[in-house]
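Examination of the molecular architecture
Here's the letter readout for the chains.
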Amino acid sequence: MELIWKLITLVSLVECLSGSGVLQRPSFTKQPGSVVFPFRSAESRREVVFSCEAQGHPAPYYRWRLNDSFIVPTQGSRYSLVGGNLHISHLSKEEDVGIYQCLAGNSFGTIVSREASLHMAYLENFKTQRRSPVRVREGQGVVLLCGPPLYSGELTFSWIFNEYPTFVVQDTRRFVSQKTGNLYIAKVEPLDVGNYTCVVTNTVTKSSVQGPPAPLVLRADGVMGEYEPKIEVQFPDIVPVAKSSTVRLECFALGNPVPSVSWRRLDGTAFGRKVDVNKASGVLEVPYFQPEDAGVYECIAENSRGRNSAKGKLAFYAPPQLLEKPQDAQKPIDDTLIWECKASAKPKPSYRWLKNGEPLDPMENTMISVLDNGSLRISNVTKSDAGLYTCAARNQFGVASSDGTLLVKESTAITSPAGHLDVTVGESIILPCHVSHDDSLELKFTWFFNEQLIHFGTHGGYFEKVGTRSAGDIMIRNIQLRHAGKYTCAVQTKVDSVSIATDVVVRGPPGPPVELQVTEVTEATVALSWGPGPDHHSPVLSFTIQARTTFSLGWQAVTTVPEVLGGRQLSATVADLSPWVEYEFRVLAANAIGTGEPSQPSRKVRTKEMPPRVTPARVNGGGGGRSELVITWEPVSEEFQSGPGFGYVVAFRPLGAQGWMQAAVTSPDAAKYIFKNESIPPFSAYQVKVGVYNNKGEGPFGPVTTIYSAEEEPSRAPGRVRARSVSASEVEVTWKALAWSNSRRRILGYELRYREEKEQPDASRVLRAAGNRTSVLISHLEGSSTYLVSLRAYNSAGFGPPSAVVNVTTKKPPPSQAPVKIMWNTSNSKVLLRWDQVHALENESEVTGYKVTYSQDKQGGRPSVVETNSTSLELSLPVNQDYVIQIQPFSEGGQGSSSRQITIPRITGPIAMGTACLPSASPLVTLFGLLLLLLLTARTAL
């Protein structure tokens, strides 16, 4: 089943939907950002706005949370909601500072915005008004403490020397730390004596305050001697730095002489251009911090008395970035959901899950667990688990979060039982697949046959879907053996998937027998053995053996011993075979359903030779030349020659004689034997028979047949040969027939030879008239030409003498001109035709009449013909029919050229008329025709 699900293309579980009326979980389009508010006590209007906007359908509602407690805006309170934005008025340092989050929810669930902090930037006054004098010896180092007052926001420090606006100038001897605010003097000199005042400035509120003056006084007990450097300003052992931020390291030492300060990286890497080293003030600054800037940095302070150093590691850190986020999911009841949540961060982040904006406590919900890697697992999902879940990954540098919606649906279940079907080839069956499911989910039915996807519309049209919305039934039409196997219905929704399998057994005719072997061969038999093929779930009842030779038309059933081959019979002898013939055999099995496919053909085997048993058929004879006896027969096929060296034995004797004369014909393909002897009388009867033999011996003779020896050719020419011209292209020749037969000869027909008088004799053409005919018509002759004709009789022995030559002249050709200027008019059902007289040319025969042919237009059938010796004709034609008419002159030379077809439309009124001229008619003739038409029209009107 795993393979089947790999074949199913999984769709995304929840699509991102938008548009009016389409359900959509909330998603932020605007989230709040952190705010640092400059708090000034004298300012009365203190207000801040946190933005929050989300889209979704139904439209989201909003709530706000401060430090995990919900803000409840009420009438007249300092909190109000405008859309999703939170307005806070009359800000309070004590009540409003903290972490804010916006919650947007609808029927899908609630999502939580990123954290936004609110800080109040302020700076209070120094509490102490006086400071005791600081007493040091000349040459000694000193630290003057600033001790800033209460504040919020970033501070900067400076010191006033004696009175404003004289400030302490930093150099290798004096240093003001922006971390502590303290003033460091590496070696006190007399010019340093005076009052020092610390000035603190808030960079957000832009306000500054001054501390009480601190007097610096030299002691009178002598000058401080030289001593080695002592580092008073140093940085932590590990400094966490976020990517792209700026890090500032301070390093300053006290000593006599005044120490010099230098910087280096312990790995030996040189500082890049962006690193700013201020040797005078002991500050190293690395802007736009990147991973390659991480490492151990060392500050070295040294003078003539020695050296000292401080080390610190700049460690690269990054806020969380989500690599794997929870995706919207739909799950059926009792299923298991695992949502991956993985973030890249340094240091390693902690993970927190919320449902509908509320933190998840796995201790309170044991159907839920947060895994060590931050993933959320919900086992045995119920309806109450539906909602909107948020994964948040956090470290000290930031928070990253993402949301996912869980929809819980009723499980899909197949209600059709898994089954086993037993069918017969050719039947049609239905495989059911009914399901119960969540009505809100669409179903997709997919069928597999032996774990291969079924593509409906292919597979020869055997498979067809016949199910409804909740049923994926399929029909298999005209089922075949190859359709036996395992059918799986896979049902898929966006939430879950199930499947059911049905085993289909197809009973059919047996498969082909196997391992067909030829075990023994004789002259007329072959022994065979074979193995059974698959029975296709129905026992084999019988076997049939077929054979094929080069002489047979395909495979033919053969006689076997035993005659009936039962279902357990796996060997048999094939009988009644022809000797010395190459055979192939095959076996077919049959059961109660039908006969199966044949086995593979056996190897080709040739039966053994023996004397022939089949004699030639159709023994006959006759004809030939003088003193010849011609004997013919139909050769024996190679199939029946029974061995090599096959030939014929021809035996013959005069009718009534006792002994036989014999002759051997060695060619197996021979079909004739001619015995020639001057003593053979013409046309005398002989008895003949033909036998066979081969290398194995002689076979039988066939039946005796009576034939005749060769006859004599005709001895006389036909008499009374006459020839007359029928037309310009035809001549009829007649003669008196000779006696048909006597004791020496027959007359089989007559051969007529003719040619034009001007042609050479070898140009003669030949016509034959078979039988006892006495006339023949010669066609396709030239008109006005003289032809020479002769005649002779023939029979099987040859031709008789020719008759005397007669000559005949064909008639003049018929007129070559067709009738023109054909005119017609109609009255009731009569049509009157008129045309011009056709005049023969000088070498043509005169016109003796005309043939008028007419037929219905576009109708089959034989046309009607009317002859007339005038140039007009009246025809009675039915109304409401179109007619096609042609006119053709004729003469004693035959029929002349026909006019073109003339269409006479159906007669729809009392009078209609028309004219038709040949395309070659001159304009004058055409004009004449039109005038004649006008005269006829006027006459009809009168």
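This text follows the structure it describes.
What you see is a predicted model, and the numbers here were worked out from it, not measured in a lab. (Residues numbered from 1 in each chain as written. Predicted model: local features only at pLDDT ≥ 70, side-chain atom pairs only at ≥ 80, totals over all residues. Heavy atoms only, no water.)

Some words on the pairing of strand E15 (residues 155-161)
Burial analysis of E15 places five of its seven residues in the buried class, the great majority of the element. When E15 meets strand E18 (residues 194-202), the two strands line up antiparallel, connected through seven bridges. Bridging across to E18, Leu155 finds its partner in Asn202. (Buried < 20%, exposed > 50% of the residue type's maximum accessible area, 1.4 Å probe, protein only. Helix = DSSP H or I, 4+ residues; strand = E, 2+ residues; numbered from the N terminus. Pairing = 2+ DSSP bridges.)

Comments concerning unusual backbone geometry
Residues Asn256 and Pro257 are joined by a peptide bond in cis, for which omega reads 0°. Checked against the element boundaries, Pro257 lands in the loop between strand E24 (252-256) and strand E25 (260-265). The omega angle of the peptide bond from Lys346 to Pro347 is 0°, so this bond is cis rather than trans. Note on placement: Pro347 falls in the loop between strand E32 (342-346) and strand E33 (350-355). Even without a glycine there, the phi angle at Asn356 is positive, about 50°. By secondary structure assignment, the location of Asn356 is in the loop between E33 and strand E34 (358-359). On the accessibility criterion, Asn356 (22% relative accessible area) is partly exposed.

Structural notes on the environment of Val504
Residue placement: Val504 occurs in strand E48 (residues 497-507). Overall, the relative accessible area of 4% leaves Val504 in the buried class. Placed 49 residues apart in sequence, Val504 and Leu553 show a C-alpha to C-alpha distance of 40 Å. Look past the residues within four positions of Val504 in its chain and what remains in contact with it is Leu421, Val423, Ile429, Leu431, Ile479, Ala484, Gly485 and Tyr487. (Contact = heavy atoms within 4.5 Å.)

Some remarks on the state of the cysteines
In protein structure, a disulfide is the covalent linkage between the sulfur atoms of two cysteines. Inspection of every chain in the model, using the stated rule, returns five disulfides. Through a disulfide, Cys52 is tied to Cys102; the S-S separation comes to 2.0 Å. Disulfide Cys52 to Cys102: torsion about the S-S bond roughly -75°, handedness left-handed. Of this pair, Cys52 sits in the loop between strand E3 (47-50) and strand E4 (53-57) while Cys102 sits in strand E9 (residues 98-106), and the two are 50 residues apart along the sequence. The same class applies to Cys52 and to Cys102, which are both buried. The disulfide partner of Cys251 is Cys299, and the S-S distance across this bridge is 1.7 Å. (Disulfide = S-S within 2.5 Å.)

Overview of the sheet that holds strand E37 (residues 387-395)
Strands belonging to one sheet form pairs held by backbone hydrogen bonds; the direction of such a pair is parallel or antiparallel. Pairing in this open sheet of five strands is mixed, and the strands run E30-E38-E37-E33-E34 from one edge to the other. Each end of this open sheet is capped by a strand with a single partner; those strands are strand E30 (329-332) and E34. Taken together, the two bridges between E33 and E34 define a ladder with antiparallel strand orientation. Pairing of Lys355 across the sheet is with Glu358, part of E34.

In short, the description is geometric, and any link to function would need to be established separately.
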